Structure formats: structure tokens, C-alpha cells
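As a plain string of letters, each chain reads:
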Amino acid sequence: MSVPAQPQSLLGTTLDELVSMFAEWEQTAYRAKQVVEWVFRRRVTSVEDMTNLSRELRAKLSERFTLRTMTIQSVTGSKDTTRKYLLRLHDGRFVETVLIPASPALYGDRADRRTLCVSSQVGCAYDCNFCASGLAGFTRNLSAGELVEQVVQVEAQSGERVDNIVFMGMGEPLANLTNLMKAIEILNAHWGVGIGARHMTVSTSGLAPQIRKLAEFPLQIRLAISLHGASDDVRNKIMPVNKKYPLAELFDALDVWTSNRKQRITLEYILIEGVNDGLDQAHLLADHARRLDALVNLIPYNTVEGLEWKRPSETRQDAFKEVLVRAGIMTTLRREKGHDISAACGQLRLKQETELGIIESPVARKRETIEA
Ligand code: SAH
């Protein structure tokens, strides 16, 4: 006997998919449109609430589909500040989603807008030496439905609309490319969540082949690169992925991306004391940014419990920025929001899963690796 399949989420199903499934069921495309109207406009949480569909059709739909797969475990922070949501998934794992009130000036948005930082995976396989997400290793990809549901859950809980999405939460979005592209399609669609493509940013640690693939994606989304080092020797110390895709290869892929796009890319650069905050790196970073016509976003390092690295003094941060500004590079220095609620990538989930005994405390092991 076969095991019944895990029900699909309607939040991860496109209108086209519904239309063709409805055709097989001898239902019209009009009915499929009614369904997405209930799902994304009215945000019903149960197929039973779709009262203009026949009882039989509702029964058939709920056999196949579910509408919510996660619950909100906790919300930290308050209105008008950064709020961090810890979400419990159907399999008992956790991801984080962060709602940021005024979005960064960098993205050209008005001050009254809200940005949601969405996770793309449970854990992460890339093991960046500054990041809490990689500490516990990689568990699994999030489905397209789980990507979209993060937005839907936060909008329902907060009663506020999300205007911008950044895929900068836990995980490497480009390692989950198929689900990511499907989720972006649903988030963007006029029948779906309806967020403009220019208001969605995908952030990557620099997976060159996947950047080339994403360059063919038709929607005009934005791309951010977690650079954090302006030369291979410095970047190798911070991000193991640089050994696989060194800067030259990454920049080749970015040339392909920019040749297809109107929007400028963003180079993100965490400032870590004594590791990558030398002014020689600032000059090199300015050269790369100029050649790529990129914006630069400087982020003072957020201390992660158990890791040794620290943020540089504000004087040093300003000096680094000054080099870029003098070189004519559009640069922002994000004095971060949310340090107090463990808002850096992956910190809250790490705490929760360690406390519940789902994962072993990985911090001590990591410290040894860095010192070695
Ligand atoms: N894997 C993707 C997306 C997740 S990281 C990527 O690498 O871009 C999203 C952003 O959070 C990245 O710029 C990352 O470098 C930053 N980040 C992670 N840990 C941080 C910390 N401790 N302090 C400051 N920024 C951090």
C-alpha cells in the first residue's frame, strides 16, 4: 500500500496549474480563478470557506490541498520596530522571518513601507564563518508554498501589508532555485500576492552558475551579492563558497546578469574588525562596484554567540565608507536594526532548535574550526 502524499499547499500552486487540474476534473477556468481569489485576496484558511464552490469540489480540493502548513511559535519586537517571527513548520523544524518597518533607503523606497526578510531553507550548507544559520548545517529546502506562506502568515498576524521582500533570511536562495522562482511568480502575480518584481531582492553568497540561470528569469527582480571580501584571499577566510566560485568567476556571472537587467545590483559587505575592514579592501571594493555599476551596502557585523568576530568601531566603519563615497560609489552604511532580538540570520532558530534538542549545540565545534 502506498503512503498518501503530503497535501500540497494552495499557496504554492499557480493559477495555470489549477486551471489544468480543473480541466481534468471537468471544471472551468473560471472556477480556478475563484479559488485563487479565496486563497490570495480573501486569505481564507480553509477550503470549506470557499462558499461559492460546490460541496463536491470543495471536498475534492481539500483532499489534495491544504492552506496553512506552519504556525507562529513566537513574535519578538513590537510595532514600529523590527519584529522577528519564529515559524514552526509541519515537520517540527523552525525558520525565521523578519519584518522591518522602514525599508532601507538603498532600495529606493518610501519610509512608510515594510520589508519582509524571508528564509529560503532550514539551515544552510554554505558555512560562512560569520553566520549563525550555517552553524547547524543544512536540513532541507523550503517548498514554494512555504516561501509564500511566510508572507501570508506575517500579514495575517500583523494586520499590515508587506511591500518589499528580501530573500535574506536563513538559507541560500539560489540553492533552492526552482522553488524560489515559483514562489516569486506567485508573490508577483496579479492573481497572487501582487508584489512588484522590483520590490523583491534575492541575496546570494555567490553561486555563479545559478546566477546565470536566474538571469534568464523574466521578472525584473533585484539581486544582492554577499561579498564581504574584495579579494580572494580575504573572502576565502570568510566564505568557503569562494573557493568553489572565486571572484573572477562570480563577476563573470554578474556581467551576464547586468547585461540582461535595468536594475543595479547591490554588493553587501559585512564589516568585521581586523578581518575585512582594511582600507585596501575598501579601495578594491570601490573598483569592483564601479566596474559592475553596483550599489554598496555596508553592514556592521552582528555578533553571533560563540563566534569570536566583532564589529569595528564606528570611526573605522565611517572611514571604510568614506573611501567608497569618495570614489563616487553609492554606499549605505546600515547601522542595524534588531541586534537586541537576535535578528541576524539564523540566530533565533538556532536557539530554539538547540533548546528543543532537535540539534546539538554547534557553537563549540564551530569555534574550533575557525581557530584551526
Ligand atoms: N545566503 C544568502 C542569504 C542569507 S544571508 C546570502 O548569503 O546572501 C543574508 C544577509 O545576512 C547576508 O548579507 C549575510 O551576509 C548577512 N548576515 C548573516 N549573518 C550576519 C551577521 N552575524 N551580522 C551581519 N550580517 C549577517
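For the structure itself, look to the data block above.
This section reports on the structure supplied with the text. (Residues numbered from 1 in each chain as written. Predicted model: local features only at pLDDT ≥ 70, side-chain atom pairs only at ≥ 80, totals over all residues. Heavy atoms only, no water.)

## A look at the overall build of the protein
Per the secondary structure count, the protein includes 13 helices and 14 strands. By residue count, 55% of the 372 residues in the protein fall in the buried class. Taking contacts inside the protein between residues at least 6 apart in sequence as the whole, the part at least 24 apart equals 67%. Total accessible area on the protein stands at roughly 16400 Å², and carbon and sulfur atoms take up 49% of it. (Helix = DSSP H or I, 4+ residues; strand = E, 2+ residues; numbered from the N terminus. Buried < 20%, exposed > 50% of the residue type's maximum accessible area, 1.4 Å probe, protein only. Contact = heavy atoms within 4.5 Å. Areas by Shrake-Rupley, 256 points an atom, 1.4 Å probe, with all protein chains shown as cover.)

## Some details on the packing of aromatic side chains
Taken as a whole and assessed by the stated rule, the structure comprises three aromatic pairs. Note on F22 and W25: the rings are 5.6 Å apart at their centroids and 20° apart in plane angle, and the pair reads as stacked. Take W25: its relative accessible area is 14%, and that puts it in the buried class. Here the basic side chain of R42 rests over the ring of W38, its NZ or CZ set 4.3 Å away from the ring centre. (Phe/Tyr/Trp six-rings, centres within 6.5 Å; stacked < 30°, edge-to-face > 60°. Lys NZ or Arg CZ within 6 Å of the ring centre and 35° of its normal.)

## A short note on the side chain of N276
Here N276 lies in the loop between β12 (266-271) and α10 (279-292). One polar contact links the side chain of N276 to the main-chain carbonyl oxygen of H228, over a distance of 2.8 Å. (Polar contact = N/O pair within 3.5 Å; in protein donor to acceptor, adjacent residues only side chain to side chain.)

## Some words on helix α3 (residues 55-64)
All of the buried residues along α3 are L57, R58 and L61. Angular distribution of buried residues about the axis of α3 spans 100°; they occupy a single face of the element. The exposed residues of α3 that point more than 90 degrees off its buried face are R55, E56 and E63. (Arc of directions from axis to C-beta.)

## Remarks on the environment of T71
Note on placement: T71 falls in strand β3 (residues 71-76). In this structure the C-alpha to C-alpha distance between T71 and R88, which are 17 residues apart in sequence, comes to 5.3 Å.

## Here we look at the sheet that holds strand β11 (residues 222-226)
Reading across from one edge, β3-β4-β5-β6-β9-β10-β11-β12-β13-β14 is the order of the 10 strands in this open sheet, with mixed pairing throughout. Edge positions in the sheet fall to β3 and β14 (331-333), since each of these pairs with one other strand and no more. On average, each strand axis in the sheet is tilted by 20° relative to the strand beside it, whichever way the strands run. Bridging between strand β13 (residues 295-300) and β14 involves three bridges; their strand directions are parallel. Looking across to β14, one finds that L298 is bridged to L333. Strand contacts of helix α5 (residues 177-188): β9 (164-167) and β10 (200-204), with the helix running at about 165° to β10, the strand carrying the most contacts. (Pairing = 2+ DSSP bridges. Axes fitted to C-alpha atoms, helices over the stretch in contact; angles between N-to-C directions.)

## Let's talk about the site of the ligand
In the vicinity of the ligand there are 19 residues, among which G171, S203, S226, H228 and N302 approach most closely. Contact between the ligand and E172: a nitrogen atom at 3.0 Å from a side-chain N or O atom of the residue. Secondary-structure elements contributing two or more residues to the shell around the ligand are β10 and β12. Among the residues making up the shell around the ligand, the classes are represented as nine nonpolar, eight polar and two charged. (Near = heavy atom within 4 Å. Nonpolar A, V, L, I, M, F, W, Y, C, P; charged D, E, K, R; others polar.)

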